[in-house]
Amino acid sequence: MASLKEICDGLPLDPLPPARPRDSNIAHAPVRVPNLTPEEERLALQNALRYFPPELHGVLAPEFAEELREYGHIYMYRFRPDIEMRAYPIDDYPCNTRQAAGIMHMMMNNLDPRVAQFPHELVTYGGNGQVFSNWAQFRLVMHYLSEMSEDQTLALYSGHPMGLFPSHLDAPRVVITNGMMVPNYSSRDNYNRLFGLGVTMYGQMTAGSFCYIGPQGIVHGTTITVLNACRQQLGTSDLRGRVFVSSGLGGMSGAQAKAAVICGCVGVIAEVSKEALVKRHKQGWVMEMIDNLDDCIERIKQARKEKKALSIGYHGNIVDIWERVAAEYDSTGELLVDLGSDQTSCHNPFNGGYYPVQLSFDEANVMMAQDPVRFRNLVEESLRRQITAINKLADRGLYFFDYGNAFLLEASRAGADVKKEGDQTGNRFRYPSYVQDIMGDIFSLGFGPFRWVCTSGDPNDLATTDDIATTVLEDFIKQGVPETTKQQYEDNIRWIKEASKHKLVVGSQARILYSDQRGRMAIASAFNQAVSEGRLRGPVIISRDHHDVSGTDSPFRETSNIYDGSAFCADMAVQNVIGDSFRGATWVALHNGGGVGWGEVINGGFGLMLDGGERAEQRAKSMLAWDVSNGVARRSWSGNTKAQETICHAMQANSKLKVTLPHNVQSDVLDRAFRK
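Reading guide: rules and limits
- Residues numbered from 1 in each chain as written.
- Predicted model: local features only at pLDDT ≥ 70, side-chain atom pairs only at ≥ 80, totals over all residues.
- Heavy atoms only, no water.
- Helix = DSSP H or I, 4+ residues; strand = E, 2+ residues; numbered from the N terminus.
- Expected span 1.5 Å × (residues − 1).
- Axes fitted to C-alpha atoms, helices over the stretch in contact; angles between N-to-C directions.
- Parallel < 35°, antiparallel > 145°, perpendicular 65-115°, else oblique.
- Left-handed = near helix turned anticlockwise from the far one by under 90°.
- Contact = heavy atoms within 4.5 Å.
- Nonpolar A, V, L, I, M, F, W, Y, C, P; charged D, E, K, R; others polar.
- Phe/Tyr/Trp six-rings, centres within 6.5 Å; stacked < 30°, edge-to-face > 60°.
- Core = buried A, V, L, I, M, F, W, Y, C linked by side-chain atoms within 4.5 Å.
- Buried < 20%, exposed > 50% of the residue type's maximum accessible area, 1.4 Å probe, protein only.
- Salt bridge = Lys/Arg side-chain N within 4 Å of Asp/Glu carboxyl O.
- UniProt positions renumbered as here; feature names shortened; annotations may be inferred.
- Polar contact = N/O pair within 3.5 Å; in protein donor to acceptor, adjacent residues only side chain to side chain.

## Examining helix H19 (residues 517-532)
- Look at H19: 23 Å from first C-alpha to last across 16 residues, which is about the 22 Å you get at 1.5 Å a residue.
- Residue Gly534 follows H19 closely and has a positive phi angle near 80°.

## Side note on the packing of helix H4 (residues 98-110) against helix H5 (residues 135-147)
- Remark: H4 packs on H5, axes separated minimally by 9 Å, with the N-to-C direction vectors making an angle of 160°. Put simply, H4 runs roughly antiparallel to H5. In this structure, H4 crosses over H5, and the sense of that crossing is left-handed. Residues Ala100, Ile103, Met104, Met107 and Met108 of H4 form the contact with H5, whose participating residues are Phe138, Val141, Met142, Leu145 and Ser146.
- Along the lines of polarity and charge, the residues of the contact of H4 with H5 split into 9 nonpolar, 1 polar and no charged.

## What to know about unusual backbone geometry
- Each neighbour pair has its own omega, and for Asp14 with Pro15 the value is 5°, a cis peptide bond.
- Considering the arrangement of structural elements, one finds Pro15 in the loop between helix H1 (4-7) and helix H2 (38-49).
- One non-glycine residue, Asn35, lies in the positive phi region at around 55°.
- Inspection of the secondary structure puts Asn35 in the loop between H1 and H2.
- The residue Leu122 is not glycine, and still its phi comes out positive at about 60°.
- Looking at where Leu122 falls in the secondary structure, it is placed in the loop between H4 and strand E1 (123-125).

## Some details on the packing of aromatic side chains
- Under the criterion given, the structure shown has 26 aromatic pairs.
- Ring centres 6.2 Å apart and planes at 70° place the aromatic pair Phe132 and Phe138 in the edge-to-face group.
- Centroid distance Phe556 to Phe568: 6.3 Å. Interplanar angle 85°. Geometry classified as edge-to-face. Of this pair, Phe556 sits in the loop between strand E15 (552-553) and helix H20 (571-583) while Phe568 sits in the loop between E15 and H20; the two residues are 12 residues apart in sequence, bridging distant segments of the chain.

## Here's the deal with the nonpolar core
- Judged by nonpolar contacts, the single largest core of 148 residues is most densely connected at Phe64, Phe138, Leu145, Phe210, Trp452 and Ile542.
- The next biggest cluster of nonpolar side chains, apart from the first, holds 56 residues, and it includes Ile321, Leu378, Ile390 and Ala414.

## So, the pattern of salt bridges
- Scanning the entire structure with this criterion turns up 42 salt bridges.
- Put simply, Arg98 and Asp91 hold a salt bridge, and the shortest N to O gap is 2.8 Å.
- Of the charged contacts, one joins Arg544 and Asp627 as a salt bridge, the two residues approaching to 2.7 Å between their closest N and O atoms. Residue Arg544 is found in strand E14 (residues 540-544), and its partner Asp627 is found in helix H21 (residues 614-637); the two are separated by 83 residues along the sequence.

## Things to note about the UniProt feature "domain: Urocanase N-terminal" (unreviewed entry) in the protein
- Mapped onto the present numbering, the UniProt feature "domain: Urocanase N-terminal" (unreviewed entry) falls on residues 85-211.
- The annotated region residues 85-211 carries 28% helix and 18% strand content, and the separation between its end C-alpha atoms amounts to 16 Å.

## Some thoughts on the environment of Asn592
- Mapped onto the fold, Asn592 is located in strand E16 (residues 587-592).
- Looking at Asn592, the relative accessible area reads 3%, which means it is buried.
- Along the primary structure Asn592 and Ser186 are separated by 406 residues, whereas in three dimensions their C-alpha atoms are 8.6 Å apart.
- Apart from residues lying up to four places away in sequence, Asn592 is in contact with Asn178, Gly179, Met180, Met181, Ser186, Tyr202, Trp598, Gly599, Val601 and Ile602.
- Polar contacts involving the side chain of Asn592 include one to the side chain of Ser186, which spans 2.8 Å.
- A distance of 3.0 Å separates a polar side-chain atom of Asn592 from the backbone nitrogen of Gly599.

## Some words on the side chain of Ser543
- With respect to the helices, strands and loops of the structure, Ser543 is situated in strand E14.
- A polar atom in the side chain of Ser543 sits 2.7 Å from the backbone oxygen of Phe606.

Below is the structure:
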C-alpha cells in the first residue's frame with residue numbers, strides 16, 4: 001500500500017508500476033463512444049504518451065491503445081495509486097502550505113469509493129463528472145500541490161496541470177477550467193470526440209472543482225424542494241402518507257431516498273443498477289429494496305395507509321413504475337403518487353445517463369457501445385413512454401417537476417409531449433423546472449447551498465460547527481428577520497439539529513445548509529474564530545454547490561425563471577468566478593456543462609480555507625458578499641421583485657455596494673409604441 005508521500009512524488013517511472021486490469025469488484029463507467037477516426041486514435045495515443053519519456057513509449061503505447069479500443073478513453077489504469085483513497089486529515093499531507101493540503105483533502109474525497117460513482121475512471125457523479133481525465137494527471141497535481149508555495153498558482157486545463165506559475169499570497173492557489181469551448185463547437189458529439197482525444201473533460205459541477213461532499217450535498221436541496229413543493233402545490237407541510245416517486249440512486253440522485261424520509265413521506269426511487277441500489281442500502285440511505293413490480297405497488301399502498309416515513313429502492317426501470325401507477329388509476333381510480341420527478345443523468349442520455357425500459361441494464365451497456373444508433377432510438381422511445389404515463393397522471397392530480405437533470409429537455413428532443421403552449425422563450429415546458437415553481441424565490445432572496453468541510457477529519461469538529469451554525473441562525477431570528485426569510489432560517493435550523501440523527505456524512509466531515517449572504521458571512525466568521533481559539537482541531541473549508549444564487553447560468557435550471565431574454569447568457573457565472581478569484585478564494589473553477597449537459601450551462605465554484613487568521617476573515621467577508629450579491633443583482637435587473645428587495649437591503653448594509661436597479665415599464669407604453 002502506497003503512502004501519501006509516495007503519491008506526491010510525481011509519476012512513478014523507474015520502475016513503472018505493474019499493469020493493472022480493471023477491478024471487477026467495483027462499478028465502472030460505461031464504455032465511451034468517441035467515434036474517433038484512425039488518425040484521431042493515433043492523436044489520442046500521442047496525447048497520452050506525451051506525459052512520459054520516450055523510452056517508456058514502447059511499453060505504454062500498446063496498453064493505452066487497448067484501453068482506448070476497449071473503453072473509449074485512456075484512463076491509464078497502471079498509474080492508479082495503490083492507496084486507500086479518502087480524505088485524510090489535513091496535517092497528514094506532505095505540503096509546504098496548508099491551503100494546498102486542504103485542496104488535496106477535497107480532491108481525494110471526490111475519488112473515495114464510498115463517495116465516487118466510478119472511482120477508477122475518476123468519475124465522481126452524474127455518469128461522466130470527472131475529477132481528472134486520467135491517473136497521470138492526478139499524480140502530477142498531487143506532486144505540484146506538495147511543492148507549491150504561497151506565492152504560486154496551479155493552472156488546471158480540463159484536468160491537465162499546465163504548471164505552477166508565480167502569483168502572490170492573496171491569489172488563488174489553484175485556478176480550474178473544465179470543458180471550456182469556443183461556443184460554436186460546444187456540441188455533444190464534439191465533447192465525446194474531444195474527451196476521447198484527452199484534451200477536454202466534463203467536470204459536472206463539484207466533481208471537477210473538488211467540492212463534492214457525497215450525496216449529502218443534494219439531500220438538503222432535495223429536502224427543501226420536496227417540502228416547498230408540498231407547501232406550494234399541495235397546501236400542506238404534513239407529508240405523512242404522501243408518496244414521492246423518482247429515479248436514480250447512483251450519484252447525487254442517491255440523496256432522494258434519504259430526503260423523502262427526512263420530509264416524512266414515502267419515497268420510491270427506481271434504480272436499474274443493482275450495484276448502486278445495494279450500495280445505498282448498505283449506507284443506510286435506502287430502507288427497503290424491492291425487485292418485483294407487483295410487490296412494489298402493494299408496498300406503496302400499504303405505506304400510504306401507515307403514514308410512516310419510508311424509502312423504497314425499486315430495482316427496475318422507472319418507466320415500468322409510471323406505467324403501472326397509471327394503469328392502477330385506470331382500474332381503481334386511486335392516485336398512488338402525489339409528487340414525481342426524475343434524477344437520471346439525462347444530460348448524458350445515450351452513454352449511460354438514461355437506461356431505456358426495453359432493455360435490461362446489462363443489455364443496455366452492451367448496445368450503447370456496439371449499436372449506438374439503435375440504442376439512441378430506444379432511449380427516445382422510452383422517454384416518450386415515460387412522459388405519456390406522467391402526463392396521464394398529472395391530468396389526475398400528480399404534481400411533477402423537472403429536477404434540473406435535462407429530463408424534460410431530452411424528452412422534448414425525443415418528441416415527447418412536454419412543450420408548454422404559447423412559450424416564446426424556448427426554455428419553458430409543460431412541467432416547470434423546480435427553480436421556476438419551487439426554488440426560484442429562494443435564489444432571489446440570496447439563499448443557496450452553502451457548505452463546509454472540517455479538514456481535521458474529526459467528527460467532533462463537525463458537531464462543533466453544527467452548533468456554531470445553529471447559534472448564528474437562532475440569533476438572527478431573535479434579532480428579527482424579514483418574514484420572507486424567516487421560514488428559510490427555521491427550515492435550516494431544523495435541518496442542522498437533525499443532521500447527525502440522519503447519518504448524512506459519507507466521506508469527508510462535511511455539512512450543507514441553505515443560507516443567504518448575511519448567514520454565510522456570519523457563519524464563516526464564527527468558524528474562523530473557532531479555529532483561532534482552538535475549539536476546532538483544524539481549518540474549515542467553506543464552499544457551495546455551483547447550483548447557487550450566482551454560480552450558474554442555465555436556461556433550463558438555475559436561470560430558468562429569468563424572463564428578460566438573458567436566460568441564455570452566461571455573464572453572471574463568468575463574472576462570479578473572476579470576482580471570487582481576486583476577493584480571496586483559495587481556489588476557483590469555471591465549467592462548461594453540469595447538471596443539464598455539455599453546451600447547455602456555464603457554472604463555477606470556489607473553495608476558501610478558514611485557518612483562524614485575520615487574513616482569512618477578511619477574504620471570507622469580501623468574497624462571500626460578492627458571491628451572493630452578484631446573482632441577486634442580476635435577478636433584480638431581470639425584474640424579480642424579491643431580488644430587488646434583497647439587493648436593496650444589501651445596499652443599506654454596505655454603503656460601498658451600489659447596484660443598478662430597473663425601472664418598471666407599463667405594458668400600455670409598449671402597446672402604444674408599436675401601435676400602427
